[in-house]
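Breakdown of the fold
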Amino acid sequence: MSIHAPLIIDIAGTTLTAVDRRRLAHPLVAGLILFGRNWQSRAQLGDLCADIKSIRPDLLIAVDHEGGRVQRFRTDGFTHLPPMRALGQLWTEDDKGQPGSGVLKACEAATSAGFVLASELRACGVDFSFTPVLDLDHGQSSVIGDRAFGRDPRAVSLLARSLMQGLLQAGMGNCGKHFPGHGAVKADSHVAQPVDKRSLKAILSDDALPYRHLGSVLTAVMPAHVIYSKVDDRPAGFSSRWLQGILREQLGFQGAVCTDDLSMVAARQMHGRTLSYTEAVLTALQAGCDLALLCNRSTDNGGAELDQVLDQLAQAQVKSHGQPNEASEERRLNLLPRTPARPWDELVRSTDYMQALERLP
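The rules behind the values
- Residues numbered from 1 in each chain as written.
- Predicted model: local features only at pLDDT ≥ 70, side-chain atom pairs only at ≥ 80, totals over all residues.
- Heavy atoms only, no water.
- Pairing = 2+ DSSP bridges.
- Helix = DSSP H or I, 4+ residues; strand = E, 2+ residues; numbered from the N terminus.
- Contact = heavy atoms within 4.5 Å.
- Axes fitted to C-alpha atoms, helices over the stretch in contact; angles between N-to-C directions.
- Expected span 1.5 Å × (residues − 1).
- Buried < 20%, exposed > 50% of the residue type's maximum accessible area, 1.4 Å probe, protein only.
- Polar contact = N/O pair within 3.5 Å; in protein donor to acceptor, adjacent residues only side chain to side chain.
- Core = buried A, V, L, I, M, F, W, Y, C linked by side-chain atoms within 4.5 Å.
- 1 Å grid on protein atoms, 1.4 Å probe; cavity = no way out; pocket = protein on both sides within 12 Å on 5 of 7 lines; lining within 4 Å.
- Points joined across faces, edges and corners; volume = space filled by probe spheres on them.
- Nonpolar A, V, L, I, M, F, W, Y, C, P; charged D, E, K, R; others polar.

As summarised here, the arrangement of the five strands in space is S6-S3-S2-S1-S14, forming an open sheet in which the pairing is parallel. The outermost strands of the open sheet, each flanked by one partner alone, are strand S6 (128-129) and strand S14 (292-293). Bridge count between strand S1 (residues 7-9) and S14: two bridges; the pairing is parallel. Note that in S14 the partner of Leu7 across the bridge is Ala292. Relative to strand S2 (residues 29-34), helix H2 (residues 42-55) is tilted by about 170°, and along the sheet it contacts S2 and strand S3 (60-63).

We now examine helix H5 (residues 153-169). In a regular helix each residue adds 1.5 Å, so 17 residues correspond to 24 Å; H5 covers 24 Å between its end C-alpha atoms and thus fits that length. Those residues of H5 not exposed but buried are Pro153, Ala155, Val156, Ser157, Leu159, Ala160, Ser162, Leu163, Met164, Gly166 and Leu167. Summarising the contacts, the buried residues of H5 are in contact with helix H3 (84-91), helix H4 (101-123) and helix H7 (209-214). In this structure Asp152 caps H5, since a side-chain oxygen of it lies 2.8 Å from the backbone nitrogen of Arg154.

The next thing to look at is the nonpolar core. A general trend in soluble globular proteins is that nonpolar side chains are found buried together. Residues Leu7, Leu34, Leu45, Phe73, Val126 and Trp242 are the most contacted members of the largest nonpolar core, which totals 93 residues. Ranked by residues supplied to this core, first place goes to H4 with 10 residues. Contact partners of Phe73, with chain neighbours within four places excluded, come to Leu34, Phe35, Trp39, Leu45, Val63, His65, Phe78, Leu121 and Val126.

On to empty space enclosed by the protein, then. For the structure shown, the criterion picks out two cavities of 30 Å³ or more. Considered as a void within the structure, the largest cavity measures approximately 50 Å³ in volume. Taken together, Pro223, Ala224, His225, Pro235, Gly237, Phe238, Thr259, Asp260, Leu262, Ala267 and Ala284 make up the lining of the largest cavity. Classifying every residue of the lining of the largest cavity gives seven nonpolar, three polar and one charged. A volume near 40 Å³ is recorded for the second largest cavity. As for the second largest cavity, its lining consists of Glu66, Gly67, Gly68, Arg69, Pro83, Met84, Asp146 and Arg147.

Function cannot be read off these values alone, since they describe shape.
And the structure:
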């Protein structure tokens, strides 16, 4: 029987413990997400990633590395990338007598940002970053804020496409987030349950437009921990209507769907109660997610909750509540890089890298 590995987990430190190795070898673990606590230096990060791959080469090593305030690695040579709003601001800054020149500069800078971001991560052994943010900046959401390119879905789509081109040039996929849009709600889904009361028509004609425009080039999509109450009473990541009916069938998306962090307060709220971690993972998979992200559990009580989730997921699969999904496994594997990464010393001396740095705002 084929196995689909759906769970992305974390580790507590800068090196792997015996317990980490046991968890990463588990057939239901898809990969892991790195945080600032897992970072000391480029050499240490490279050794850690190599150690992870020695356990299972198919493990996806991922990170939230967008630029601005969401960038896990900032020292020892890593470029401080601008927030995406800085690229959106370039869009409007035309040179005198040259209408449209700002658009060209902004797109070129976005491609450069994507290339620098991905090539630096890949030189240290990281496979994938959960970027770009496709949310529109309605001026409502403090958790999104300057992480968004801007308010206009057309500008956001083109800047995101340019950034994704840069990622691709360095051999990295992409993840559009947070579907269908997190920018119009005030509540921070890390600590509360946001509710967006707009109609489906209003959302599809505005916040969700980047997903329509970029459907053919998006590698992955991350749904929002937001309830769109006129569409479904479940958060988007638990909603088969959003994920299968709208994202896949209506918008034609074919890539991987990965939950946002299921350890967030809002992530496990459904129908007035808080789901267990295992219930949340299974509900997300049944709704149409391919991958489930469970962050910061390794640092709590030695990661006992992670072990419980893995045991319960295995039991659910045996009982056929979680049937292995070959299409989901193929989408997971498609997130892995297809080309070898350039070593750091070779990268930083290369002409394309140096030119990309010069184009950053």
